[in-house]
Amino acid sequence: MSLKIKALTKSPWVYHLCAGGSCNNCDIEILDLLTPRFDVERFGAVLVGSIRHADALLVTGIVTKKTAPLVKKLWEQAPKPCLVFAIGGCACSQGLFKDCYTANPVPLDELIPVHAYVPGCPPKPETMIAGIVKALGSLVAK
Amino acid sequence: MNDRRIIPIGPYHPLQEEPELFRLEVDGETVVDLDVEVGWNHRGIEKLCETKTYDQVPFVVERICGICSTSHPLAYVQAVEEAGDIEVPERALYIRTIIAELERIHSHLLWVGLAGHFLGYNTVWMWSWKYREPVLDICETVTGNRNHYAMMKVGGVRRDILPEHVDYILERIPELVKFTDLIKGAVLDDPVLHARLKGVGVMTTEDMHEYGGVGPTSRASGVPGDVRRDDPYAAYGLVDWDVITAPWGDVFAKAVVRVLEMYESIRIVKECLTKMPEGEIDSNPKTVPAGEGIGHHEAPRGEVFHYVRSDGTNRPIRHKIRAPTYMNLPTYKASVVGASITDATIILAAIDPCYCCTERMAVYKHKGDPREPIMTGEDLVRLSQEKTARLRKEFGL
């Protein structure tokens, strides 16, 4: 296991990206993860302010036409390996907003590689923790 | 030499959950002008609603915003009920009020937390979000989900509040009061918060009248506007509660109004639970006759307004939404301009902005050219480039 993978699995630093068309609920639930009830910081997961410091990218919401180039650019700036989580129904499958005229014709998982899907509207914080733990587990197994 | 600089905040910024772009024009440390660019979060919900049936639309409008996820459906169902002249059973009105007030409590707690976070005072953030969890527990017990409740339905509500849920909520309410007391103590007695919030971003009553702000933003400037009292709907006319106002107009006043409103919400929930009559919860309307209607609700951030036009088919032919942040955004012109750049973030956060609510279609019109009434994307890009060139010239770059 490389040093980077070891560090990543021990303490994943996450960057939260609201891809655009989100109802803000998944974003609030992600912040909820950091607060005392769930407190993922005890596992070493920290929310960071720059994609360049991040080990994992938490994407919420559908990708809209306006934000698609930004999402792509952010992924290009991320230091690899970087895990991408599609959080919530919108990020996983465009959900309810699939037929909207602002929805990007290319969905998130074709725009950038997605490593784990956490469905739900919004997914409960427990589900998100489970998703992150599973994705990290798959990295260790490799 | 001109010392003006433009500081962009966003569209992706660690402070914000949603993409939005503020351009603060600063002269030294003082903000002299600002520009807000929204549209990153525009999804086309009004258009989407026109392709769904009346019973499907509540699920769509619920997903306009996760925090106002009862306000939008409530305003929408009232609009449809007005359009179709549909009766609602009294028990359903009480249930609507209870869910709406529970939402207000958790939304205000969320704001207090985020305000603390913006000030670099994370203890307040952690505290108020910790105390938000019991409210979410209640919501989950009653409705089955922490955030999107799916309770509103044209003609009533989808689920009843069972007797054991009533007991459960009444049991948890003393806990909520205790936590609210704690938050009130933290906000009203903390010297750090006083120093950071008092006299910051002042909106006078006259300013507020001119800019037309709504919700806690206007009530903190001494404008006692509240749709719940001005045009009672659901069970707000049947229970006893007060409109909270504060005269100062600064960020501190907004915090005080929100904290005290939580007490009122708890009072309303308690009273509704005890007064709630037995009976039907849904009048099961089968059709919506042709007509048009409006519905509004005092969301945690201000008045949510929905307009629905029906042509007698099973889908609305027009659905128009106005969210409170849209009315509150222009108040930045009065509150942020003149403030120091260090205070800008908290003033921007003070109206509790919610961009996913706000992102409606905007049409930019050409000035005085009737042949091309609407600007295209290219026009806007050109305008933007011209503006940059002009600014560069102005700044002597």
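Residues numbered from 1 in each chain as written. Chains lettered and ligands numbered in written order. Predicted model: local features only at pLDDT ≥ 70, side-chain atom pairs only at ≥ 80, totals over all residues. Heavy atoms only, no water.

Draft legend 1. Structural context of the pattern of salt bridges. Using the criterion set out here, one finds 33 salt bridges over all chains in the structure. In this structure, K124 of chain A engages E140 of chain B in a salt bridge whose closest nitrogen and oxygen atoms are separated by 2.6 Å. On the criterion of chain membership, the pair formed by K124 of chain A in the loop between β7 (116–118) and α6 (125–141) and E140 of chain B in helix α5 (residues 122–143) is interchain, its members lying in two chains. Using a relative accessible area of 31% as the deciding quantity, one classes K124 of chain A as partly exposed. On the basis of relative accessible area, E140 of chain B is assigned to the partly exposed category, the value being 25%. Where salt bridges share partners, they join E29, D32 and R37 of chain A together with R132, E133, D137, R146, R172 and E175 of chain B into one cluster. (Salt bridge = Lys/Arg side-chain N within 4 Å of Asp/Glu carboxyl O. Helix = DSSP H or I, 4+ residues; strand = E, 2+ residues; numbered from the N terminus. Buried < 20%, exposed > 50% of the residue type's maximum accessible area, 1.4 Å probe, protein only.)

Draft legend 2. Structural context of helix α6 (residues 163–189) of chain B. Residues and elements named next belong to chain B. Its 27 residues place the ends of α6 39 Å apart at the C-alpha level, agreeing with the 39 Å of an ideal helix rising 1.5 Å per residue. Taking the largest bend as the criterion, α6 deviates by roughly 30°, centred on I173, and proline P174 comes between one and four positions later. Of the residues making up α6, those classed as buried are H165, V166, I169, R172, I173, L176, F179, T180, I183, A186 and V187. Close packing links the buried residues of α6 with α4 (90–118), α5, α7 (191–197) and α11 (251–275). (Expected span 1.5 Å × (residues − 1). Bend = angle between axes of the 7 residues up to and from the residue. Contact = heavy atoms within 4.5 Å.)

Draft legend 3. Inspection of the nonpolar core at higher detail. Among the nonpolar cores identified, the biggest contains 127 residues, and F85 of chain A together with Y76 and V336 of chain B are the most heavily contacted of them. The element that contributes the greatest number of residues to this core is α4 of chain B, accounting for 15 residues. Discounting chain neighbours no more than four positions away, the residues touching Y76 of chain B are Y54, V57, P58, V61, V154, H306, V308 and H319 of chain B. In terms of nonpolar packing, the next biggest core, distinct from the first, is built from 24 residues, Y15, V59, V84 and A91 of chain A among them. (Core = buried A, V, L, I, M, F, W, Y, C linked by side-chain atoms within 4.5 Å.)

Draft legend 4. Layout of the domain arrangement of chain B. Along its sequence, chain B is organised into domain 1 (45–333) and domain 2 (370–397). A separation of 39 Å is found between the C-alpha centroids of domain 1 of chain B and domain 2 of chain B. (Domains from an automatic or database assignment.)

Draft legend 5. Seen up close, the sheet that holds strand β1 (residues 4–9) of chain B. Residue and element names in this part refer to chain B. Within the open sheet, the three strands sit side by side as β1-β2-β3. Their pairing is antiparallel. Each edge of the open sheet carries a strand with a single partner, namely β1 and β3 (30–37). Within this sheet the neighbouring strands show an average axis-to-axis angle of 20°, counted without direction. The sheet contacts of helix α14 (residues 341–350) involve β1, β2 (21–27) and β3, and relative to β2 the element is tilted by about 150°. (Pairing = 2+ DSSP bridges. Axes fitted to C-alpha atoms, helices over the stretch in contact; angles between N-to-C directions.)

Draft legend 6. Structural view of the packing of aromatic side chains. Residues and elements named next belong to chain B. Applying the stated criterion to the full structure yields seven aromatic pairs over all chains. Their ring planes at 50° and their centres at 6.3 Å tell us that W127 and Y131 sit as a pair that is tilted. Of this pair, W127 and Y131 both sit in helix α5, four residues apart, roughly one helical turn. In this structure Y131 comes out as buried when scored by relative accessible area, which is 9%. Ring centres of W248 and F252 lie 6.1 Å apart, and the angle between their planes is 35°; on these two criteria the pair is classed as tilted. Its relative accessible area of 46% is what places W248 among the partly exposed residues. Since its relative accessible area comes to 5%, F252 is described here as buried. Connected via pairs of aromatic rings, a cluster forms that spans W127, Y131 and F179. Over the ring of F252 we find K198, and its NZ or CZ is 5.0 Å from the ring centre. (Phe/Tyr/Trp six-rings, centres within 6.5 Å; stacked < 30°, edge-to-face > 60°. Lys NZ or Arg CZ within 6 Å of the ring centre and 35° of its normal.)

Draft legend 7. Broad picture of the packing of α4 of chain B against α14 of chain B. All names here are of chain B. Running from N to C, α4 and α14 point in directions that differ by 170°, and their axes come no closer than 9 Å. It follows from the interaxial angle that α4 and α14 lie roughly antiparallel. Contacts between α4 and α14 pair W111, A115 and F118 from the former with I346, A349 and A350 from the latter. Within the contact of α4 with α14, the residues separate by chemical class into six nonpolar, no polar and no charged. (Parallel < 35°, antiparallel > 145°, perpendicular 65-115°, else oblique. Nonpolar A, V, L, I, M, F, W, Y, C, P; charged D, E, K, R; others polar.)

Draft legend 8. Spotlight on α14 of chain B. All names here are of chain B. Burial of α14 is extensive: seven of the ten residues sit out of reach of the surface. Buried residues of α14: D343, A344, I346, I347, L348, A349 and A350, and no others. Looking at the residues trailing α14, positive phi occurs at D352, about 60°.

Draft legend 9. Focus on the interface of chain A and chain B. At the junction of the two partners, chain A supplies 38 residues and chain B supplies 42 residues. Between chain A and chain B lies a buried interface of about 3,300 Å² when both sides are counted; carbon and sulfur atoms form 62% of it. Counting every contact that joins chain A to chain B gives six salt bridges. With its nearest N and O atoms 3.7 Å apart, the salt bridge here joins E133 of chain B to R37 of chain A. Across the chain A-chain B interface, the total number found is eleven residue pairs in polar contact (both at pLDDT 80 or more). When contributions to the side of chain A that touches chain B are tallied by element, the ones reaching two or more residues are β1 (13–18), β2 (20–21), α2 (25–34) and α3 (68–77) of chain A. It is α2 of chain A that provides the largest number of residues to the side of chain A that touches chain B, a total of seven residues. (Buried area = accessible area lost by both parts, 1.4 Å probe. Polar contact = N/O pair within 3.5 Å; in protein donor to acceptor, adjacent residues only side chain to side chain.)

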